[in-house]
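Spelled out from the first residue to the last, the chains are:
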Amino acid sequence: MTQDSPKMNSVGRPSAPEINVEATLFKSLLGGKGLLQSEKLIFEKDDYSRTGVDFADIAIDASDLEGLLRSDLSLPGLTEPEAMRHYVRLSQKNHAIDLALYPLGSCTMKHNPRLNEKMARVAGLGDIHPLQPVSTVQGALALMDTLSHWLKVLTGMPAVAITPKAGAHGELCGLLAIKAAHEAKGQGHRRTVLVPTSAHGTNPATAAFVGYTVEEVAQTADGRVDVADLASKLGPDVAAIMVTNPNTCGLFERDIVEIARLTHEAGAYFYCDGANFNAIVGRVRPGDLGVDAMHINLHKTFSTPHGGGGPGAGPVVLSEALAPFAPKPWVVSHDSGFDLVEHDEGVSAQNFGRMCAFHGQMGMFIRALTYMLSHGSDGLRQVAEDAVLNANYIKASLQDLMSVPFPEGPCMHEALFNDHWLEGTDVTTLDFAKAMIDEGFHPMTMYFPLVVHGAMLIEPTETESKDELDGFIAVLRALAQAAKAGDVARFKGAPYLAPAKRLDETRAARAPRLSYT
Ligand SMILES: *Cc1c(COP(=O)(O)O)cnc(C)c1O
């Protein structure tokens, strides 16, 4: 070895160089940084007349198209390398699960195994079209049938609707089935959906979208649904409750069976938000807990890619009571092969309609089934065990420096901290999260769940090794110590090193500018 070996820190990683404040003040002449050029919006590239494709001139009689003739598409003209570089450069300004741990709580940002990607590209699965004759896509239908089978086995539920395209879309599917079931029983007057205060924002939003009135259920001091409060609110006007289990505080709802019993006794249905299924897959079957409908985010628990706005998939498992109302289409098998039920006849006469065109996100189905089959039943059980172990390792490794709202007992797959420990430091949860970016880590979920002050929700998932977790813990400990030592500037100006600084995220979400002028 001719090189000096780098200094190692306590976790055996090369020590980071001291932050050089002068370097952070350095301004490049034209906005570049390191090897990354400043990037214009694609609409700022100026040549609109250039095209990368040579179309033969077509003789169209413009009068046939009347006002529909498109003369100018106004698409920016880029060569193939320019287009390639534009998007690769943009991708380098962003974070990805392939770069580092991505600790967003409630998002289950786990590694996407490359085997999944390989299978999704197999010609007979990747190159087919939803309008092909059913006889030519028998393998794809068999795959959907097999995926449905394992989703039912893993959840202990008799039916599944696989068309919903995200978790929130699954919630919509479940509530529409619940609404149809009540109407079929002459109970259409039930207008209220009960949702705990700790719920994911999609739950009350979905209920409101379906036209229900949302009523909140209180939470106990130990972070669970207040069963007495729930019982007092259940009544003849309640259509359903929506409960997340494990809940968004990263805790298992101990009284879940009692919650289901009370709900059914009141004539309501139990919708379970199953986005956190990763914590219990292979260990607990929601069907055994009395759940009537639950979405499963394939893009979380079953490792299909997400986070860049890509396609999700949120199949919904349904109880015996709700199964007849499941949306079209679904796969059936005959002696002669598989078929898609698309019509309102026989057993499907009560379906509430469709969630989308065609049959759902095929690419996600392939990846999710690949993940299931490559893990096997023992492997899926270990997914849940390791996800919970990793979260508890983080909680135990930080608890002496950072405060936890629910210190009693272990957590499930997410470690939740509050901002009590930052009191008097002038550093906020937001500042702390932004400083993580300068250290090479994506922030955790912040200020959610809303019921915990200054919440920091960390979900490491099972795919992180101990070495990766130790590196993450070392950074959080160092930052926590810096905050307590009064190194406020490090936090208030953060991120110093990211391509974009503090963005007005609220305005971007509430008043997005969707066109460039
Ligand atoms: C992710 C998540 C959802 C929504 O899922 P999407 O696929 O983003 O629509 C709903 N509830 C909980 C608890 C979640 O974590």
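Going by the structure above, here's the rest.
Quantities reported herein were computed from a predicted structural model and do not represent experimental measurements. (Residues numbered from 1 in each chain as written. Predicted model: local features only at pLDDT ≥ 70, side-chain atom pairs only at ≥ 80, totals over all residues. Heavy atoms only, no water.)

### Digging into helix α10 (residues 256–265)
Working step 1: Considered for burial, the residues of α10 that qualify are I256, I259, A260, L262 and T263. One side of α10 carries all its buried residues, which in axial view fall inside an arc of 165°.
Working step 2: Once α10 finishes, G267 follows within two positions and takes phi at roughly 80°, a positive value. (Buried < 20%, exposed > 50% of the residue type's maximum accessible area, 1.4 Å probe, protein only. Helix = DSSP H or I, 4+ residues; strand = E, 2+ residues; numbered from the N terminus. Arc of directions from axis to C-beta.)

### Structural notes on the site of the ligand
Working step 1: Residues in close proximity to the ligand total 13 residues, the closest being S106, G167, D273, H299 and K300.
Working step 2: A distance of 2.7 Å is found between an oxygen atom of the ligand and a backbone nitrogen or oxygen belonging to G167.
Working step 3: Contact between the ligand and K300: an oxygen atom at 2.7 Å from a side-chain N or O atom of the residue.
Working step 4: Burial of the ligand by the surrounding chains reaches 86%, relative to a free accessible area of 380 Å².
Working step 5: Here the element with the most residues in the shell around the ligand is helix α7 (residues 167–184); it accounts for 3 residues.
Working step 6: Class assignment for the residues of the shell around the ligand results in 3 nonpolar, 7 polar and 3 charged. (Near = heavy atom within 4 Å. Polar contact = N/O pair within 3.5 Å; in protein donor to acceptor, adjacent residues only side chain to side chain. Areas by Shrake-Rupley, 256 points an atom, 1.4 Å probe, with all protein chains shown as cover. Nonpolar A, V, L, I, M, F, W, Y, C, P; charged D, E, K, R; others polar.)

### Side note on the sheet that holds strand β5 (residues 269–273)
Working step 1: Overall, mixed pairing links the 7 strands, which are arranged β1-β7-β6-β5-β4-β2-β3 in an open sheet. Among the strands making up the open sheet, the edge pair consists of β1 (159–161) and β3 (213–217). Within the sheet, the average angular offset between the axes of one strand and its neighbour, ignoring direction, is 25°.
Working step 2: As judged from the 3 bridges shared by β5 and strand β6 (residues 293–295), these two strands associate in the parallel manner. Its bridge partner being in β6, Y271 is matched across the sheet by A293. (Pairing = 2+ DSSP bridges. Axes fitted to C-alpha atoms, helices over the stretch in contact; angles between N-to-C directions.)

### Quick word on the pairing of strand β9 (residues 337–341)
Working step 1: Pairing of strand β8 (residues 330–334) with β9, which is carried by 5 bridges, proceeds in the antiparallel orientation. When the bridges of β9 are listed, H334 appears paired with G337.
Working step 2: Between β8 and the antiparallel strand that follows it, β9, lie 2 residues.

### Quick look at the pairing of β3
Working step 1: Of the pairings in the sheet, the one linking strand β2 (residues 192–196) to β3 comprises 5 bridges and is parallel in character. Paired with V193 across the strands is V214, a residue of β3.

### Focus on the packing of α7 against helix α8 (residues 202–210)
Working step 1: Interhelical geometry of α7 versus α8 gives an angle of 45° and a closest axis separation of 9 Å. It follows from the interaxial angle that α7 and α8 lie oblique. Here the hand of the crossing between α7 and α8 comes out right-handed. Across the interface between the two elements, A168, E171, L172, L175, L176 and K179 from α7 touch T202, N203, T206, A207, F209 and V210 from α8.
Working step 2: Each residue belonging to the contact of α7 with α8 can be placed in one class, and the counts come to 7 nonpolar, 3 polar and 2 charged. (Parallel < 35°, antiparallel > 145°, perpendicular 65-115°, else oblique. Left-handed = near helix turned anticlockwise from the far one by under 90°. Contact = heavy atoms within 4.5 Å.)

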